[in-house]
Structures are given as C-alpha cells and as structure tokens.
Amino acid sequence: MNKKIRIGALVSGGGTNLQAIIDSCESGKIDGKIIFVGSDNPGAFGLKRAKKHGISTFFVNYTSIIQNFKKEPEKIILPEDFDMNDLLSKQHFFSADMPHEKIKSFIITRAAAEARLLGKMKPYQFDLLILAGFMRNLSPYFIDRVNTVPGDLRIMNIHPALLPAFPGTDGYGDTFRYGCKVGGCTVHFIDYGEDSGPIIGQKTFRIQENDTLDTIKKKGLKIEWELYPECIQLFAHSRLETVKISHTLKNGKILQRTVVKIAQPQSAH
Ligand code: GAR
C-alpha cells in the first residue's frame, strides 16, 4: 500500500478544486491528506470548505503589505535572507522593457508577504504544495524555500487554459475571446515564470457555436476537478520525473526545457 502524502493548499476564492481534492483524498482516489489551507483572502469560501473538513487554515494579508509599501516603502519588513540581486536574476515574470523600479517593487512586496506565508506554513511538514485558484504569483524567494532539493519540484498549479496558450489571470476568458474551438486546463509545476513550468497533465473540451463564457467556464471546471486529483495521485505514487531535454531547431538554435516524464505504474505483485 502507498504511503499517504501530506498536502498543503493555497486558495484565493471558491475552492471547488480544493473540494474535489479533499473529496478524492477522503474517498481514496488520492493517497494523500490535506494538512493545511492558506489564503490571501480572509473571505475565501475555500477556507470554509477546509474548516468543514477539520483542516487547519490561515490567512496572509498580501493587500495590506502591498498598500503600505505604496504609502511608506521604507517601513516594509523584509526577511533577513532577502537578496534582491539573486531574485532579480531568477525572476521570469517581466520582460526586459518593464521599468526596473516596478520589477523591484514587485519582488520586495512579494518577498515580504511570502516570508509571512512561509512562517504560517512552517509548523506543517508537507510533501506537496498545491495552488487551487491561488491568484498571487509566487516569486523565486518563496519557490526556493519550498523546492529545497534540486530537481525535486513540489509546487503544483492548475491553470484554466491549454498552456502555453493564455497564461495569466483569465484563461477561459482569453480562450473564448480568441475564438478557439477547443479549450482546456493544465496542471503544471511552478517555476520562476508566469504559468511556464513543466506540464504534468492537460484535458480538453470542445467549444461549440452556442457556447458562452459561462458555459465554457462550467465545462472547464468540470474537467479541472478530474485532472487535478489525477495529477496529484501521480505525484503521490512517485510517477512524476522532471528531466532536462534539448532539441536543435532548424535555425541551429538549441531549445532547452525541463519536462515531466510520467513513469509506468509499478505492477502490484
Ligand atoms: C480555476 O478555474 C483555476 O483553474 C483558476 O481559478 C479557478 C479557481 O476555481 N486558476 C487560475 O486562474 C490560476 N492562475 P476554484 O476556486 O473554484 O477552484
């Protein structure tokens, strides 16, 4: 029998994915247990769902940290191990033409909030951290303090589009407005970019002429609730391996990327 993995979760909103994962843990579809749910939104319905299942919850006030920094930047409390140059060299969120001060403010405010988040997570030993509709980008400050073993990625996210198409905050809206004929969702590991990490799984649905943004969201969420538990179960069974691949393109350039390989299940004897 597989050992149960310990899962931490971060949510910002309704938490229907969280609910699907809690239910899958309880029914045995996932060999795992959710041990905490954190949020940047004290009113997130996901926190209520967690409490109903006896799961510990916490809240980190990102909004006040960001607003206070705008008013009194000198008063921000940064973690002792904060290293701006290291974080600037790693982040992939912003292109080079973005004003430097804007990138720096982002890194400072996120690291301040993430230090609090890490503080709240500290009492819990977890194997996997899942983002289930957590609407804050995680900076390299946070990612490096969770992914402490090189090559061992352990932050997962679900995104409402078929990545690498439509990263960002409105995956289904972008899919709809573009006139796509299929939509989908993607589960991936987090890296230093925006929705750019190694892809673990994807599911699709057809978009018909009479579909609206609302019906697309409904179709999408339905397959999210299947895909996320499936991907977490692959992690629980140690079937996800990240490998670095490189391809030589026609123009001679070398493309390098970290991808996920899914191992065959161990046969039961
Ligand atoms: C889901 O559609 C999820 O894919 C999306 O937020 C929704 C959360 O719903 N996540 C993102 O857009 C992350 N960038 P839920 O709170 O009901 O699970």
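So, here is what we can say about the structure in this document. (Residues numbered from 1 in each chain as written. Predicted model: local features only at pLDDT ≥ 70, side-chain atom pairs only at ≥ 80, totals over all residues. Heavy atoms only, no water.)

Our focus in this paragraph is the layout of surface pockets. Taken as a whole, the largest pocket encloses approximately 780 Å³ of empty space. Counting residues per element, the ones that place at least two in the lining of the largest pocket are α1 (16-27), α5 (100-121), β5 (155-159), α7 (171-178) and α8 (213-236). Partitioned by chemical class, the residues of the lining of the largest pocket number 13 nonpolar, 15 polar and 8 charged. Counting residues per element, the ones that place at least two in the lining of the second largest pocket are α6 (140-146), β8 (240-248) and β9 (254-262). Of the residues belonging to the lining of the second largest pocket, the class tally is 8 nonpolar, 7 polar and 5 charged. (1 Å grid on protein atoms, 1.4 Å probe; cavity = no way out; pocket = protein on both sides within 12 Å on 5 of 7 lines; lining within 4 Å. Points joined across faces, edges and corners; volume = space filled by probe spheres on them. Helix = DSSP H or I, 4+ residues; strand = E, 2+ residues; numbered from the N terminus. Nonpolar A, V, L, I, M, F, W, Y, C, P; charged D, E, K, R; others polar.)

Quick look at the site of the ligand now. Around the ligand sit 13 residues in total, of which G15, T16, N17, P160 and E224 are the nearest. Separating an oxygen atom of the ligand from a backbone N or O atom of N17 is a distance of 2.9 Å. In the complex, 85% of the free accessible area of the ligand, which totals 450 Å², lies under the protein chains. Breaking the shell around the ligand down by element, the ones donating at least two residues are α1, β5 and α8. Of the residues contributing to the shell around the ligand, the split by class is 5 nonpolar, 7 polar and 1 charged. (Near = heavy atom within 4 Å. Polar contact = N/O pair within 3.5 Å; in protein donor to acceptor, adjacent residues only side chain to side chain. Areas by Shrake-Rupley, 256 points an atom, 1.4 Å probe, with all protein chains shown as cover.)

Attention now goes to the state of the cysteines. Using the criterion set out here, one finds 0 disulfides in the structure. C185 provides the cysteine sulfur closest to C180, a residue in no disulfide bond, and the two sulfurs are 14 Å apart. No disulfide involves C231; its sulfur sits 8.6 Å from that of C185, the nearest cysteine. Judged by relative accessible area, C231 falls into the buried class, the value being 2%. (Disulfide = S-S within 2.5 Å. Buried < 20%, exposed > 50% of the residue type's maximum accessible area, 1.4 Å probe, protein only.)

Packed helix pairs are characterised by how far apart their axes lie and by the angle those axes make with each other. Two numbers describe how α1 lies on helix α2 (residues 45-52): the axes approach to 9 Å, and their chain directions differ by 20°. For the element pair α1 / α2, the angle class is roughly parallel. For the pair α1 and α2, the crossing hand works out as right-handed. Counted together, T16, L18, Q19 and I22 of α1 and G46, R49 and A50 of α2 form the full contact between these two elements. For the contact of α1 with α2, a count of residues per class yields 3 nonpolar, 3 polar and 1 charged. (Axes fitted to C-alpha atoms, helices over the stretch in contact; angles between N-to-C directions. Parallel < 35°, antiparallel > 145°, perpendicular 65-115°, else oblique. Left-handed = near helix turned anticlockwise from the far one by under 90°. Contact = heavy atoms within 4.5 Å.)

Right, let's get into the pattern of salt bridges. Where charged atoms from two side chains of opposite charge come close, those side chains can pair. By the definition in use, this model includes 10 salt bridges. A salt bridge links E72 to K75; its shortest N-O distance comes to 3.1 Å. One salt bridge connects E230 with K203, and the closest N-O pair in it is separated by 3.5 Å. In this pair, E230 is assigned in helix α8 and K203 in strand β7 (residues 199-206), connecting sequence segments 27 residues apart. On the accessibility criterion, K203 (22% relative accessible area) is partly exposed. Here the residues in one salt-bridge network are D86, K90 and D144, joined through shared partners. (Salt bridge = Lys/Arg side-chain N within 4 Å of Asp/Glu carboxyl O.)

For the rest of this paragraph, the subject is the packing of aromatic side chains. Under the counting rule described, the total for this entry stands at 9 aromatic pairs. Their ring planes at 80° and their centres at 5.8 Å tell us that F36 and F126 sit as a pair that is edge-to-face. Of this pair, F36 sits in strand β2 (residues 32-39) while F126 sits in the loop between α5 and β4 (128-131), and the two are 90 residues apart along the sequence. Here F36 falls in the buried class, since its relative accessible area comes to 0%. Summarising the aromatic geometry, the rings of F94 and F106 are spaced 5.0 Å apart at their centres and angled 85° between planes, so their arrangement reads as edge-to-face. Of this pair, F94 sits in the loop between α4 (84-90) and α5 while F106 sits in helix α5, and the two are 12 residues apart along the sequence. Under the relative-accessibility criterion, F106 is labelled buried at 11%. Joined through ring pairs, the aromatic side chains of F36, F58, Y124 and F126 make up one cluster. Above the ring of Y141, the side-chain terminus of R145 is found at 3.8 Å from the ring centroid. (Phe/Tyr/Trp six-rings, centres within 6.5 Å; stacked < 30°, edge-to-face > 60°. Lys NZ or Arg CZ within 6 Å of the ring centre and 35° of its normal.)

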